[in-house]
There are 2 protein chains.
Amino acid sequence: MATEKIPYKTYLEEKEMPEKWYNVRADMRNKPAPLLNPGTLQPMTVEELSAVFCEDLAKQELDDVTPYFDIPDEIRDFYKMYRPSPLVRAYFLEKALGTPAHIYYKFEGNNTSGSHKLNSAIAQAYYAKKQGLKGVTTETGAGQWGTALSMACSYFDLDCKVYMVKVSYEQKPFRREVMRTYGAAVTPSPSMETNIGRKINEEFPGTGGSLGCAISEAVEKAVSSEGYRYVLGSVLSQVLLHQSVIGLETKAAFDKIGVKPDMIIGCAGGGSNLGGLIAPFVGEKLRGENDYRIIAVEPASCPSLTRGKYVYDFCDTGMVCPLAKMYTLGHDFIPSPNHAGGLRYHGMSSVISQLYEDGYVEARSVEQTNVFDAAVQFARVEGILPAPESSHAIRVAIDEALKCKETGEAKNIVFGLTGTGYFDLVAYQKYNDGVMSDYIPTDADLEKGFATIPQVNL
Amino acid sequence: MATEKIPYKTYLEEKEMPEKWYNVRADMRNKPAPLLNPGTLQPMTVEELSAVFCEDLAKQELDDVTPYFDIPDEIRDFYKMYRPSPLVRAYFLEKALGTPAHIYYKFEGNNTSGSHKLNSAIAQAYYAKKQGLKGVTTETGAGQWGTALSMACSYFDLDCKVYMVKVSYEQKPFRREVMRTYGAAVTPSPSMETNIGRKINEEFPGTGGSLGCAISEAVEKAVSSEGYRYVLGSVLSQVLLHQSVIGLETKAAFDKIGVKPDMIIGCAGGGSNLGGLIAPFVGEKLRGENDYRIIAVEPASCPSLTRGKYVYDFCDTGMVCPLAKMYTLGHDFIPSPNHAGGLRYHGMSSVISQLYEDGYVEARSVEQTNVFDAAVQFARVEGILPAPESSHAIRVAIDEALKCKETGEAKNIVFGLTGTGYFDLVAYQKYNDGVMSDYIPTDADLEKGFATIPQVNL
């Protein structure tokens, strides 16, 4: 392998890093449906959104026409701490699989938050600071977003209050310590600190919580505290905008080595990593300039795209957030304690949902044990212990590379390796001990969730 | 900062990666004293060493004249998984300190073993495979070396048996899972599996163990098992040889950006990281071509350079290993459960010891709470949660940068950031909770250790 032309890792130079984020909505003919005010069920205005989000972020959230946003210098400086991230040619994995396919991955795990989440965390902290806020509240599932936000808040000297999904809080005590090291306050959710938390604890005693529930708590805390706003690590269009830095770097790196990917694969919980990774590629697809196969991979335990409904639903269990038109399992759907905490969300980004609806994106669901088979295979040959979330994408990348082995096609496959699994060793231990369980909701389970979806007549 | 000439991170291109390791002993006028056979107290031959180590490694161990060794292609390929590692300009730390100094660090933590240890692990596994062995045994303190070796053995399909210092085994259960994920068998040391383990358990019931003790167990297991050899992650001259890749890359990166470092700082347990980082620089110093200040940083709890004796001593508690002339606290010195497990070794590389004796290297000892003060300050501004071991170097780099602030000097300081602290959150939790303890051995404590040093008359 020592003489291959394409290097194992392709890094952009710092001066080649993106100066603008790309807003894919500007190129969508069918725009994502507008967010609705949970009280009036009418489209949200910037003013209404600004009660929950920072003003600049509220504007970004509702802007579906501006194709590019300048990345402020302060954020570009911070990005240089851990970006550009490498585009890695998976030579060792290809060899292990014996596939003619060329496999690449964009690795976002080389920072202490352990994932791509930092790309949006620093942007949201920046706008909060710019607005003169005291602090922000948020939720975290696997803990990656909370860690990222605590790092970003520490950098800009903002208070950071994190509601962590209880099942993850218990499985990942060390995540809490990282957040504390960066000065954040972390509370397991559902907590007894908020009205919605107390209500959920009463209705579902002993529940492990969910992202939807933790979101409700964080929003309640933000709107009831002076000088605070709520920030969210996924689902929102503003987050996909910030995460476009992943895809823009990926595209620039591919251009640098003269390769055009045929297939782009990403795991999809709320959709932030996938939306970011595919942004410039799906932009070309929308404009008819180029074609790419794009695959969203979700856990079989929480299959919003593959088995959900494309309707208006609340973004949170507590119904305090705006409604979004999205693929959803129902805002009351509480998934089983699947270890990929970052993928346990009942809905999907309205941008990804619309792209899926319009056929620009495919979706596939995979089961947990199969995912860990792929994770361990990848770890052993590529030397990186992947996050369970990211391993969903690895699973499908391997499956597609094995199809190429059958057909003899040398396709260029790229997937998003969103993060590392250093805080997911409880899950790895279960896998190593052979006691990992798979869970697929029955149709009846799904019907229960669907029954909670509100009727919206626009 | 967006317009700085020197980038935040300097990466070599893969084709610029070192093709040879550098053997600093070739340029030393005063060679390190030879290893002695523990039975005869005579200098070890390659044949004798080959009973414990792989043959090629035994040759490297005893070769103090050959300046360069080719890095085999298989190892260079593996290096491309995670190398070249970045040379980072610590702009954010400089700003936080308000220092005119220019601070750099060579970051070795961007691989799943979390440290520089992988550089030698893959080399040692390669030579074991080349010799047709079934597997290798080793010890691990903090777990970094064991993780690295398990990754390397998995890559070459070798059995891997790890004795892990009990205090680390208990503090870092997740390290064990990473090793298991890579297929290694992990046993807490002292164990009941070996003669020396049983003996130590009897003499010191409830002991947390030490690196010296775990080494004895691993050696005993290797020499009593068919097709196995022992491998060691530090102290040995062969390890310093492999780790020279760190310093060679560092020097090449400095040459690329046109900077000459004034001061080179590394933490020192057994000396592998420090020895690797300084190799080409101390080579220039030995040859009289250039001058650099070089500082070895050790924990005040285990101060082999600053308070030890420069004499022949056993490398292990059980007295089954060769004797080395080195700065030592006595092979029976069992340090307090300092969290920097990787620095809890009673002796120091004979190469570093001789360089220190001859005035080419300075030494400084630092206390644990001060180290964590530096670790957290660094984490918050540079975005990397450092390993406690590495944080010893951070502490002194910050101290030196603050001296520059007083004097107004714009010195170029570089330190080795050997690894990440993702598996050290128990220690961070103690620090965050304000219950971290410092420990400095009394002179009487040291005398107890010194009393165990054998009399050797060569």
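Residues numbered from 1 in each chain as written. Chains lettered and ligands numbered in written order. Predicted model: local features only at pLDDT ≥ 70, side-chain atom pairs only at ≥ 80, totals over all residues. Heavy atoms only, no water.

*Asks:* What should I look at first to understand the overall build of chain A in this one?
*Replies:* Within chain A, the regular secondary structure consists of 18 helices and 15 strands. Computed over its C-alpha atoms, the radius of gyration of chain A comes to 20 Å, within 12% of the 23 Å expected for a compact globule of 458 residues. For the C-alpha atoms alone, the extent of chain A along its principal axes is close to 60 × 50 × 45 Å. Residues counted as buried form 67% of the 458 residues belonging to chain A. Per element, the accessible surface of chain A, about 14,600 Å² overall, is 48% carbon and sulfur. Chain A carries 46 positive and 57 negative side-chain charges, and their two centres are separated by 3 Å. (Helix = DSSP H or I, 4+ residues; strand = E, 2+ residues; numbered from the N terminus. Rg over C-alpha atoms; globule rule 2.2 N^0.38 Å. Buried < 20%, exposed > 50% of the residue type's maximum accessible area, 1.4 Å probe, protein only. Areas by Shrake-Rupley, 256 points an atom, 1.4 Å probe, with all protein chains shown as cover. Lys, Arg positive; Asp, Glu negative; His and termini not counted. Charge placed at Lys NZ, Arg CZ, Asp CG, Glu CD.)

*Asks:* How should the confidence of the model for chain A be read in this particular structure?
*Replies:* Parts of the prediction with low pLDDT should not have their coordinates interpreted in detail. Summarising the model, chain A shows a mean pLDDT of 94, and 98% of its residues fall at 70 or more. In the predicted complex, the global pTM is 0.95; the interface-specific ipTM is 0.93. (pLDDT = per-residue confidence, 0-100.)

*Asks:* I keep staring at the sheet that holds strand 15 (residues 412-417) of chain B and nothing clicks. Help me out?
*Replies:* Sheets are built from strands paired through backbone hydrogen bonds, the pairs being either parallel or antiparallel. All names here are of chain B. Strand order across the open sheet formed by 7 strands is 1-4-5-15-10-11-14, with mixed pairing between neighbours. Each end of this open sheet is capped by a strand with a single partner; those strands are strand 1 (9-10) and strand 14 (362-366). Bridge count between strand 11 (residues 293-299) and strand 14: 5 bridges; the pairing is parallel. Within the sheet, the bridge partner assigned to Glu-298 lies in strand 14 and is Ser-365. (Pairing = 2+ DSSP bridges.)

*Asks:* It is not clear to me how the interface of chain A and chain B should be interpreted in this structure. Could you clarify?
*Replies:* Size of an interface, as often reported, equals the accessible area lost when the parts are brought together. On the chain B side, the residues contacting the 45 residues of chain A number 45 residues. Summed over the shared surface of chain A and chain B, the number is 25 residue pairs in polar contact (both at pLDDT 80 or more). At the level of elements, helix 3 (73-82), helix 6 (144-156), helix 8 (173-181), helix 15 (368-382) and helix 17 (425-432) of chain A are the ones that each hand at least two residues to the side of chain A that touches chain B. Ranked by residue count, the leading element in the side of chain A that touches chain B is helix 8 of chain A, at 6 residues. Across the side of chain A that touches chain B, the residue classes break down as 25 nonpolar, 9 polar and 11 charged. (Contact = heavy atoms within 4.5 Å. Polar contact = N/O pair within 3.5 Å; in protein donor to acceptor, adjacent residues only side chain to side chain. Nonpolar A, V, L, I, M, F, W, Y, C, P; charged D, E, K, R; others polar.)

*Asks:* Quick question: what am I supposed to make of the relation of the copies chain A and chain B here?
*Replies:* Mapping between the two copies of the chain is achieved by a rotation about an axis and a shift along the axis. In screw terms, the move from chain A to chain B is a rotation of 180° and a rise of 0.0 Å along the axis, fitting with an RMSD of 0.0 Å. On the angle and the small slide along the axis, the relation comes out as a two-fold axis. Comparing interface residues between copies, 100% of those in chain A also lie at the interface in chain B; the contact surface is shared. (Least-squares fit on C-alpha atoms with pLDDT ≥ 70 in both.)

*Asks:* Would you explain the pattern of salt bridges in this entry?
*Replies:* Close approach of charged atoms allows side chains of opposite charge to pair. Residue and element names in this part refer to chain A. Tallying each qualifying case throughout the model produces 49 salt bridges over all chains. We note a salt bridge from Arg-287 to Asp-27, for which the minimum N-O separation is 2.8 Å. Linking Arg-287 in the loop between helix 12 (272-286) and strand 11 (293-299) with Asp-27 in the loop between strand 2 (20-22) and helix 1 (46-49), this pair joins segments that are 260 residues apart in sequence. The class of Arg-287 is partly exposed, set by a relative accessible area of 38%. Classification of Asp-27 by relative accessible area gives partly exposed; the value is 23%. When salt bridges that share partners are traced, they join Arg-293, Glu-362, Arg-364, Glu-400 and Lys-403 into one network. (Salt bridge = Lys/Arg side-chain N within 4 Å of Asp/Glu carboxyl O.)

*Asks:* What is the right way to look at the domain arrangement of chain A in this model?
*Replies:* Residues and elements named next belong to chain A. Taken domain by domain, chain A comprises domain 1 (19-25 + 35-71 + 117-230) and domain 2 (82-114 + 238-450). Distance between the C-alpha centres of domain 1 and domain 2: 22 Å. Listed as interface residues are 51 residues of domain 1 and, on the opposing side, 51 residues of domain 2. Here domain 1 and domain 2 share an interface that buries about 4,100 Å² over both sides, 62% of which is from carbon and sulfur atoms. Sorting the residues of domain 1 by area buried against domain 2 places Tyr-22, Asn-119 and Gln-171 first, and these three jointly supply 17% of that buried surface. Our count for the domain 1 to domain 2 interface comes out at 15 residue pairs in polar contact (both at pLDDT 80 or more). At the level of secondary structure, the elements contributing two or more residues to the side of domain 1 that touches domain 2 comprise strand 2, helix 2 (55-62), helix 5 (118-130), helix 6, helix 7 (166-171), helix 8, helix 9 (195-203) and helix 10 (211-223). Across the side of domain 1 that touches domain 2, the residue classes tally to 29 nonpolar, 16 polar and 6 charged. (Domains from an automatic or database assignment. Buried area = accessible area lost by both parts, 1.4 Å probe.)

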